[in-house]
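One-letter residues, chain by chain:
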Amino acid sequence: MSPTPSSSYASQPVHAERMPWIPMSPGLSFKPLRFYRDGAGWMYLFRLESGTVIPPHRHTGESHAFNLSGSRELLDTGEVIGPGGYVYEPAGNVDSWRVTGTEPLVLLINTRGGVEYLTADGQVSRHVTPADRLESYRKWCEANGQEFLATLE
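The sections below set out a description of the structure shown in this document. Throughout this document, residue positions are counted from 1 along each chain, in the order its sequence is written. Local features in a predicted model are, by the rule used here, given only for residues with pLDDT of at least 70; side-chain atom pairs are given and counted only at 80 or more, and totals for whole chains, interfaces and linings are based on all residues. Hydrogens and water molecules were not included; the side-chain quantities draw on all heavy atoms of the structure.

1. Describing the sheet that holds strand β9 (residues 94-100)
This is how the line gets drawn: One requirement defines pairing of two strands: DSSP has to find at least two bridges between them. Secondary structure counts use DSSP, requiring at least four H or I residues in a row for a helix and at least two E residues in a row for a strand, with both numbered from the N terminus.
One open sheet holds the six strands; their spatial order is β7-β6-β9-β4-β11-β12, and the pairing between them is antiparallel. Each edge of the sheet is formed by a strand with only one pairing partner; in this case those strands are β7 (80-81) and β12 (124-128). Sheet topology note: the strand β4 (residues 53-59)/strand β11 (residues 115-118) ladder contains three bridges and is antiparallel. Counterpart to H57 in the pairing with β11 is Y117.

Written out as structure tokens, the structure is:
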């Protein structure tokens, strides 16, 4: 179940509708779409249940998030981002947010670099790299007898 890196000159569809939502932690699941060359980042669909809070974190590279459905509140500004909303987070940005309303939030996220989760005093409590995300997806596929459907550069 190990994919072959894809040619950069051919279309590479990913059939996300064939993937189950892969649990990450309570209230969070994802569908990986692409893992970038040399551990540079990843793109995935991210599903969060109503009320789920994403704790303070910092991206080591830029991140782009587009709301496909549901809403979230950016806890540092109080702004609510609904369906069709887009949030750009430059490298080094620290933020946290929570899902609002009753329906799940589904985001299309493109992340470069890793994510550092922070304690209340700003110390890094956990660092998640693109390699960590790729490995967790590989292990999940193997443990659940599922085909590896994401693309790799």
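2. A short note on the layout of surface pockets
Keep this limit in mind: A 1.4 Å probe that fits but cannot get out identifies a cavity on a 1 Å grid over protein atoms alone, an open set with protein on both sides within 12 Å along at least five of seven lines counts as a pocket, and a residue lines either if it has an atom within 4 Å of a point. Grid points are joined across faces, edges and corners, and a volume is the space filled by probe spheres set on the points. Residue type decides the class: Asp, Glu, Lys and Arg count as charged, Ala, Val, Leu, Ile, Met, Phe, Trp, Tyr, Cys and Pro as nonpolar, and the leftover types, Gly among them, as polar.
Approximately 270 Å³ is the volume attributed to the largest pocket. Lining the largest pocket are 16 residues, and of these M24, S25, L28, R126 and R133 sit closest to its centre. Those elements that place two or more of their residues in the lining of the largest pocket are β1 (22-25), β2 (28-35), β4 and α1 (130-144). The residue inventory of the lining of the largest pocket, partitioned by class, reads 12 nonpolar, two polar and two charged.

3. What about a nonpolar patch on the surface?
This is how it is decided: Within the patch definition used here, like charges are joined within 9 Å and nonpolar side chains (Val, Leu, Ile, Met, Phe, Trp, Tyr) within 5 Å, considering only residues with over 30% relative accessible area and no salt bridge. For accessible areas, the Shrake-Rupley method is used with a probe of radius 1.4 Å. Any residue's cover is judged against the shown protein chains and nothing else. Here a salt bridge means any side-chain nitrogen of Lys or Arg lying within 4 Å of a carboxyl oxygen belonging to Asp or Glu. Each residue is assigned to one of three classes by its accessible area relative to the maximum for its type, calculated with a 1.4 Å probe on protein chains only: buried under 20%, partly exposed between the two thresholds, exposed over 50%.
There is a patch of nonpolar side chains on the surface, built from F66, L68, Y86, Y88 and L108 and spanning about 460 Å² of accessible area. For the nonpolar patch, the secondary-structure elements that each account for two or more residues are β5 (63-69) and β8 (86-89). Along the chain, L68 falls in strand β5. Judged by its relative accessible area of 43%, L68 falls in the partly exposed class.

4. Brief notes about the packing of aromatic side chains
Applied cut-off: Pairs were defined over the aromatic rings of Phe, Tyr and Trp, the Trp ring being its six-membered one, requiring ring centres within 6.5 Å. Orientation was assigned from the angle between planes: stacked under 30 degrees, edge-to-face over 60, tilted for the rest. We count a charge as sitting over a ring when the NZ of a lysine or the CZ of an arginine lies within 6 Å of the ring centre and within 35 degrees of the ring normal.
According to the stated counting rule, one finds six aromatic pairs in the structure shown. Their ring planes at 80° and their centres at 5.8 Å tell us that F30 and Y44 sit as a pair that is edge-to-face. Placement of F30 in strand β2 and of Y44 in strand β3 (residues 41-48) is noted, with a sequence separation of 14 residues between them. This pair shows no difference in class: F30 is buried, exactly as Y44 is. A ring pair is formed by F35 and F148, whose centres lie 6.5 Å apart and whose planes are at 45°; its orientation type is tilted. Of this pair, F35 sits in strand β2 while F148 is found in the loop between α1 and β13 (151-152), placing the two residues 113 residues apart along the sequence. For the pair shown, F35 and F148 are each scored as buried. Pairwise contacts between aromatic rings join F30, W42, Y44 and F46 into one cluster. Taking the ring centre of W21 as reference, the NZ or CZ of K31 above it sits at 4.8 Å. The ring of Y36 has R112 lying over it, and the distance from NZ or CZ to the ring centre is 3.8 Å.

5. Re the side chain of K31
Rule in force here: When charges are tallied, Lys and Arg are placed among the positive residues and Asp and Glu among the negative ones, while His and the ends of the chain are skipped. Polar contact criterion, stated in full: a pair of N or O atoms within 3.5 Å, where within protein one must be able to donate a hydrogen and the other to accept it, and residues adjacent in sequence count only if both atoms are side-chain atoms. Contact between two residues is taken to exist if any of their heavy atoms lie within 4.5 Å; hydrogens are not considered.
Here K31 is to be found in strand β2. Despite its burial, K31 remains without a salt bridge, the nearest opposite charge being carried by E17 at 7.3 Å. Among the polar contacts made by the side chain of K31, one reaches the main-chain carbonyl oxygen of A16 at a distance of 3.0 Å. Setting aside anything within four residues of it in sequence, one finds K31 in contact with A16, E17, M19, P20, W21, Y44 and L45.

Purely spatial values, then, with no claim about function.
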